[in-house]
Amino acid sequence: AFLRAHCCAARRLFTYAGQDLYRAEHHAFRSTVDRFVAREVAGKIEQWELEGRLPRDLYRKAGDAGLLALGYPEQYGGTPSDPLFTIALHAGLASVGAGGLAASLLSHAIAGPLVIALGTEELKREVMPSVIRGDKIMALAVTEPSGGSDVASLRTRAVPDGDDYVITGEKTFITSGVQADYIVVAVRTGGSGPRGISALLVDGGAAGLARTPLGKMGWHCSDTATLRFDGVRVPRSRLLGKENEGFRPLLNNFNMERFGLASMAVAYARVCTEEATEWAKQRVAFGGPLVQQQAVRHRLVDMHTALGAADCMLHAVARGIMQNAHNVAELCILKNQATEAVQLCASSAVHILGGSGFVRGSKSERIYRETMVLAIGGGATDVIKDLAARQMGLLA
């Protein structure tokens, strides 16, 4: 029953781990995502991978379908939701086997919450409805060439000048950095360390902002850029929250980013497991289906084991969030467990598919190239382990 549940999971919707949590509205939303993918994405992803970005009209179509509204207040066009909707969204988008789709289409999900939590009412009403409709694209810029996970050491500086801040510095590995109309930028407005950090909302067309696209191992359809700020002027009204008090909100924002990354990882682990299982059943070698080979069966069991464990923890943490009973250590452990699961499942799937897993065309081949970004994004694995240890009281 366990194996049957997982083998059918991608088509049935969810594995056994969270069946008691999902209601009719979750299933209806997943069906909406599936229809969107079938209508607007299927058959087009390869072209977008070659072009290195998603078409702008895809954001508008996603907005029309309600996919960009999750978790935002209704007064800005949003739809209040719970983490199960996030899991459902990623499960549906993952069906095409291209992580760049969710990465860019949902880049606002790691930037918009900061505007909602810290921006003025006027700013929220000016910016967020257009992002939620898909008319505008939003990105978050924290990582710099000198470091990513060590946010407290960022160097990009914003200096007050009259009614503006003037930004000088550089950000890199910024998802949607090429196309973004709005960019939430972490800057240094004070002294060294965490107490000198602020967040500013920058217009993508601001004078002095230069963007350089980056080539990547994976997520090819997700535009990624280095951003250079050369005297970029930003009105003081675009300050999010209080000056020099942006570090803690940025860290809190990372927590839900990690939940999203874990949801993606579990979804792609499931895609790889399903593809490998179907291949092993149909591929004939040594006089019978490949699945008759013990080594192949054992690989599949290992994949289902890793997927099942990660899926269980994903739903356990989701339940905790819904009950306001989660903690940072759980989110850290979940993110690492899920990304380790997708690495195992993708690697094993490529082994099982053999040559067909090495050449372009299989979902597992592309996911295999994209597993490391899930482990790096939102805090690299070893950094996350140390954060979990500190949250658990293992370090003074």
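Here, every reference points to the structure presented above.
All values derive from a computational prediction rather than experimental measurement. (Residues numbered from 1 in each chain as written. Predicted model: local features only at pLDDT ≥ 70, side-chain atom pairs only at ≥ 80, totals over all residues. Heavy atoms only, no water.)

Peer 1: Help me understand the pattern of salt bridges in this model?
Peer 2: Tallied over the entire structure, the rule returns 24 salt bridges. The salt bridge involving Arg366 is made with Glu46; its shortest N-O contact spans 3.1 Å. Separated by 320 residues along the polypeptide, Arg366 in helix 14 (residues 363-376) and Glu46 in helix 4 (residues 45-51) bring together distant segments of the chain. A residue is classified by how much of its surface remains accessible, and Arg366, at 6% relative accessible area, is buried. Arg369 serves as the salt-bridge partner of Glu365, at 2.6 Å between the closest nitrogen and oxygen. Taken together, the residues span about one helical turn, with Glu365 and Arg369 both in helix 14 at a distance of four residues. In terms of burial, Glu365 and Arg369 fall into one category: buried. Taken together, the shared-partner salt bridges in this structure form one network comprising Arg39, Glu40, Asp57 and Lys61. (Salt bridge = Lys/Arg side-chain N within 4 Å of Asp/Glu carboxyl O. Helix = DSSP H or I, 4+ residues; strand = E, 2+ residues; numbered from the N terminus. Buried < 20%, exposed > 50% of the residue type's maximum accessible area, 1.4 Å probe, protein only.)

Peer 1: Looking at this structure, how should I read the packing of helix 6 (residues 83-93) against helix 11 (residues 294-322)?
Peer 2: A pair of packed helices can be characterised by two numbers: the angle between their axes and the separation between those axes. Put simply, helix 6 and helix 11 touch, their axes get as near as 9 Å, and they point 145 degrees apart. For the pair helix 6 and helix 11, the contacting residues are Pro83, Leu84 and Ile87 in the first and Leu314, His315, Ala318, Ile321 and Met322 in the second. Looking at the contact of helix 6 with helix 11 residue by residue, the class counts come to seven nonpolar, one polar and no charged. (Axes fitted to C-alpha atoms, helices over the stretch in contact; angles between N-to-C directions. Contact = heavy atoms within 4.5 Å. Nonpolar A, V, L, I, M, F, W, Y, C, P; charged D, E, K, R; others polar.)

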